[in-house]
Amino acid sequence: MPTNHRPVFRCQLCGECCEGRGGILPTAIEIEIIARFLKMSVRQFKKTYLESTPLGLTVKNKTAGGCIFNDQGCCQIHPVKPRICRNWPFLPAILLHENEFEAAKSVCPGFDPDCRYEDFLWWWRKHII
Ligand code: SF4
Ligand code: SF4
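Criteria and cut-off values
Residues numbered from 1 in each chain as written. Chains lettered and ligands numbered in written order. Predicted model: local features only at pLDDT ≥ 70, side-chain atom pairs only at ≥ 80, totals over all residues. Heavy atoms only, no water. Phe/Tyr/Trp six-rings, centres within 6.5 Å; stacked < 30°, edge-to-face > 60°. Helix = DSSP H or I, 4+ residues; strand = E, 2+ residues; numbered from the N terminus. Buried < 20%, exposed > 50% of the residue type's maximum accessible area, 1.4 Å probe, protein only. Arc of directions from axis to C-beta. Contact = heavy atoms within 4.5 Å. Near = heavy atom within 4 Å. 1 Å grid on protein atoms, 1.4 Å probe; cavity = no way out; pocket = protein on both sides within 12 Å on 5 of 7 lines; lining within 4 Å. Sits in = over half its atoms within 2 Å of the grid points. Nonpolar A, V, L, I, M, F, W, Y, C, P; charged D, E, K, R; others polar.

As recorded in an unreviewed UniProt entry, the chain goes by YkgJ family cysteine cluster protein and comes from Desulfobacca acetoxidans.

Written out as structure tokens, the structure reads:
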């Protein structure tokens, strides 16, 4: 049981999590939805915003690093952003491994600093799934 009932996570909109080296792999459906949101054809969207990697098409990074859609902490495709972005921090690796949870907590100010791994799992079971 949790030690408190505060939300374990509340995004502070700092944009730090969008400054990594990518790894955002939108699905085919997400590509269509984002392209429509940006009023672009799928072909145009792929050419402008995606790049090919051994894992599939990923969202490009800016030259200086960070996701191409991150504009000073604001996601330019927020209403239609890929599922992986919407699900953070409730991602499989963080849910399955306490060390991943601690690593995420240490870099993301959205976590309640008093939140323990057990609290995080409890919150996910109660409010997310
Ligand atoms: S690093 Fe955490 S608090 Fe900052 S924008 Fe990302 S999810 Fe939100
Ligand atoms: S798509 Fe939006 S939420 Fe996802 S990494 Fe890029 S800027 Fe961040």
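Draft legend 1. Examining the packing of aromatic side chains more closely. All told, the structure shown has 10 aromatic pairs when counted by the stated rule. Measuring from ring centre to ring centre gives 6.4 Å for F45 and F69, while their planes differ by 10°; the resulting arrangement is stacked. Placement of the pair is F45 in helix α2 (residues 42-49) and F69 in the loop between β2 (56-59) and β3 (70-71), with a sequence separation of 24 residues. Exposure remark for F45: the relative accessible area of 0% places this residue in the buried category. Given the relative accessible area of 5%, F69 is considered buried. Between F90 and F120, the ring centres sit 5.0 Å apart and the planes meet at 5°, which makes this aromatic pair stacked. Placement of F90 in the loop between α3 (83-87) and α4 (92-96) and of F120 in helix α6 (residues 117-128) is noted, with a sequence separation of 30 residues between them. By the ring-pair criterion, three or more aromatic residues cluster together here, those being F9, F90, F101, F111, Y117 and F120.

Draft legend 2. Local environment of helix α1 (residues 28-37). All of the buried residues in α1 are E30, I31, I34 and A35. Projected onto a plane normal to the axis of α1, the buried residues spread over an arc of 130° and lie on a single side. Projecting away from the buried face of α1 at angles above 90 degrees are the exposed residues A28, I29 and R36. Against α2, β1 (50-53), β2 and α3 lie the buried residues of α1. Two residues or fewer after α1 comes K39, characterised by a positive phi angle close to 55°.

Draft legend 3. Layout of the site of ligand 2. In the vicinity of ligand 2, the contacting residues are C18, C67, F69, N70, C75, I77, K81 and C85. Structurally, ligand 2 is housed in the largest pocket. Across the shell around ligand 2, the residue classes tally to six nonpolar, one polar and one charged.

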